[in-house]
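# Commentary on secondary and tertiary structure
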Amino acid sequence: MTATRLLLPARARQQPEWASLDELKDVLLALENKPPLVDATACADLATELGRAAHGEAFVLQAGECAERFADATPDVVLAKADELHALADEFTAAGGPPAVRMGRIAGQYAKPRSNPTETLADGTELPVYRGDAVNAPEPTAAARSALPSRLLLAYRHADTTLSTLLERDLGLAGRTAPQRTYAGHEALLLEYEQALVRKGTDGRGYGSSGHFLWIGDRTRQPDHQHVQFAASIGNPVGVKIGPSASPEDVRTLVRMLGARRRPGRLSLIVRMGRDRIVPKLTSVLRALGDEASDVAWICDPMHGNTRVNGAGQKSRAVEDVTREIEGFVTALHAHGLRPAGLMLETAHHPVTECVDSAAELASARPLPRYESACDPRLSPRQAREVVAFTAALL
């Protein structure tokens, strides 16, 4: 059957060409009748926490996978990821930072935007690119790269299992220590999936029940496109990634469209400019926003603007680039009388070697040995602790 996709409005980027339109319709109907994955009250609680973070009374630490794998949605792996997230948060507060709001890139980070729709293998074969487990599989075969609607049901099932494990963990710890909730966030990339999981909250308004915090990526943040319109329609706290190509005028439009003044914590701008561009680019945005800049929770993503290719042809990142961007982020905000509200990191819960400590190491032609990411390079636990301790010291 010729590949197709649901007839969404034309302005919806990064959507798969699903293998079967009829199957997709059946899958979406099934999802519409599923219970919500998260409840509206928890989403409202997170918005309150984000509002506190915007005023310097807390700090959001979001860490986790670049691209989650279905195979990792087991209690042991989920608990290991949660333990690593909370250990990073504890490291942050121990190093002098404000109370940490703990949010994982988890229970929904099953889809990834890609620069190109296809890739060419060494033998010349052209295949659809891997777009995350909710769409296809990473193995380089035509069958694996087919965009199967049934994977959306698997995404729901694995997200449900993951969230249940996190909730059991949090409730189990509450009797012994001060309760620390584990919030879950992911990029709201697959619009069919996200729209099928919109539910009514206690106030009668729709919210995205796929996760507590949903963000729009830098590739899909166009104000006149469907991803931004979806974010504007739901009651969750939402975020938008702001890269170096974002014009100050577009950012101002996004702030107004997404209702930053509706309530504290409603909108987070997640800045990912790169170490050498962060100060001038962010400064231009802050000047354009003026007083409206104080309505936003400002979060730093120091990973995506600092991706490089090493001498062995692997994507990697240098910790020194990451910390340089964080330093520039904090400097630019402080110059405008604003508080940094959070940090978003791509991290592994076990000792991978996907990132290096210094940019000089990227010249080596020797492949990094423990490179296990399905997409982008992640910080190891040691590297992540160094980054959060550095950030706490800056604050």
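Residues numbered from 1 in each chain as written. Predicted model: local features only at pLDDT ≥ 70, side-chain atom pairs only at ≥ 80, totals over all residues. Heavy atoms only, no water.

### Notes on the overall build of the chain
A count of helices and strands for the chain gives 10 helices and 14 strands. By residue count, 56% of the 395 residues in the chain fall in the buried class. Considering only contacts in the chain between residues 6 or more positions apart, those separated by 24 or more positions represent 74%. Summing over all exposed atoms, the chain offers an accessible surface of approximately 15,800 Å²; the carbon and sulfur share of this is 51%. (Helix = DSSP H or I, 4+ residues; strand = E, 2+ residues; numbered from the N terminus. Buried < 20%, exposed > 50% of the residue type's maximum accessible area, 1.4 Å probe, protein only. Contact = heavy atoms within 4.5 Å. Areas by Shrake-Rupley, 256 points an atom, 1.4 Å probe, with all protein chains shown as cover.)

### Considerations on the packing of aromatic side chains
For the structure on display, the rule yields 3 aromatic pairs. For the pair Phe-59 and Phe-92, a centre-to-centre distance of 4.7 Å together with 20° between the ring planes defines the contact as stacked. Highlighted residues: Phe-59 in strand E1 (residues 59–64) and Phe-92 in helix H3 (residues 75–94), separated in sequence by 33 residues. Across this residue pair, the class does not change: Phe-59 and Phe-92 are buried. (Phe/Tyr/Trp six-rings, centres within 6.5 Å; stacked < 30°, edge-to-face > 60°.)

### Brief notes about the sheet that holds strand E2 (residues 100–105)
If you trace the 8 strands once around the closed barrel, you get E1-E2-E5-E8-E9-E10-E11-E14, paired in parallel fashion. The average angle at which neighbouring strand axes cross in this sheet is 25°, direction not considered. Pairing analysis gives 3 bridges linking strand E11 (residues 297–300) to strand E14 (residues 340–346), with the strands arranged parallel. Its bridge partner being in E14, Cys-300 is matched across the sheet by Leu-343. Contacting strand E9 (238–242) and strand E10 (267–271), helix H7 (residues 248–257) runs over the sheet at an angle of about 155° to E10. (Pairing = 2+ DSSP bridges. Axes fitted to C-alpha atoms, helices over the stretch in contact; angles between N-to-C directions.)

### Some details on unusual backbone geometry
Phi at Gln-14 is positive, roughly 65°, even though this residue is not glycine. Inspection of the secondary structure puts Gln-14 in the segment before helix H1 (21–32). Under the relative-accessibility criterion, Gln-14 is labelled buried at 18%. A positive phi angle is found at Ala-107, which is not glycine, with a value near 65°. With respect to the helices and strands, Ala-107 occurs in the loop between E2 and strand E3 (118–120). By relative accessible area, which is 2% here, Ala-107 ends up buried.

### Re the packing of H3 against helix H4 (residues 150–174)
For the pair H3 and H4, the least separation of the axes is 10 Å and the interaxial angle reads 55°. Our classification of the angle between H3 and H4 gives oblique. For the pair H3 and H4, the sense of crossing is right-handed. The residues of H4 that touch H3, namely those facing Pro-75, Val-78, Leu-79, Ala-82, Asp-83 and His-86, are Thr-162, Thr-165, Leu-166, Arg-169 and Asp-170. Along the lines of polarity and charge, the residues of the contact of H3 with H4 split into 5 nonpolar, 3 polar and 3 charged. (Parallel < 35°, antiparallel > 145°, perpendicular 65-115°, else oblique. Left-handed = near helix turned anticlockwise from the far one by under 90°. Nonpolar A, V, L, I, M, F, W, Y, C, P; charged D, E, K, R; others polar.)

### Let's talk about the layout of surface pockets
What the largest pocket holds in volume is close to 590 Å³. Taken together, 27 residues form the lining of the largest pocket, with Pro-113, Arg-114, Arg-219, Lys-315 and Asp-376 sitting closest to its centre. In this structure, the second largest pocket spans a volume of roughly 380 Å³. Lining the second largest pocket are 19 residues, with Asp-39, Ala-42, Leu-167, Arg-181 and His-212 sitting closest to its centre. Sorting elements by how many residues they give to the lining of the second largest pocket places H4 first, with 8 residues. Split by residue class, the lining of the second largest pocket holds 9 nonpolar, 5 polar and 5 charged. (1 Å grid on protein atoms, 1.4 Å probe; cavity = no way out; pocket = protein on both sides within 12 Å on 5 of 7 lines; lining within 4 Å. Points joined across faces, edges and corners; volume = space filled by probe spheres on them.)

### Quick look at the nonpolar core
Formed by 55 residues in total, the largest nonpolar core has its most connected members in Leu-269, Leu-282, Trp-298, Phe-329 and Leu-343. For this core, the element with the most residues is helix H9 (residues 319–335), which contributes 7 residues. One finds Phe-70, Val-135, Leu-152 and Ala-196 within the second-largest nonpolar core, a separate group that totals 31 residues. (Core = buried A, V, L, I, M, F, W, Y, C linked by side-chain atoms within 4.5 Å.)

### Focus: empty space enclosed by the protein
Across all of its chains, the model carries 3 cavities of 30 Å³ or more by this definition. Roughly 130 Å³ of internal volume is contained in the largest cavity. Counting residues per element, the ones that place at least two in the lining of the largest cavity are E1, H3 and E2. Taken together, the residues of the lining of the largest cavity sort by class into 6 nonpolar, 5 polar and 4 charged. For the second largest cavity, the calculated volume is near 60 Å³. Along the walls of the second largest cavity sit Gly-108, Tyr-110, Ala-111, Ala-134, Ala-155, His-186, Glu-187, Leu-189, Leu-190, Tyr-193 and Glu-194, which together make up its complete lining. Across the lining of the second largest cavity, the residue classes break down as 7 nonpolar, 2 polar and 2 charged.

### Examining the confidence of the model for the chain
For any part of a model where pLDDT is low, the fine detail of the predicted coordinates should not be relied upon. Mean pLDDT over the chain stands at 94; residues scoring 70 or higher make up 96%. Low pLDDT (under 50) marks residues 1–7, which in the prediction has 21 contacts with non-local residues, meaning those over four places away or in another chain. (pLDDT = per-residue confidence, 0-100.)

### Concerning the environment of Pro-16
Along the chain, Pro-16 turns up in the segment before H1. Taking relative accessible area as the criterion, Pro-16 reaches 2% and is therefore assigned buried.

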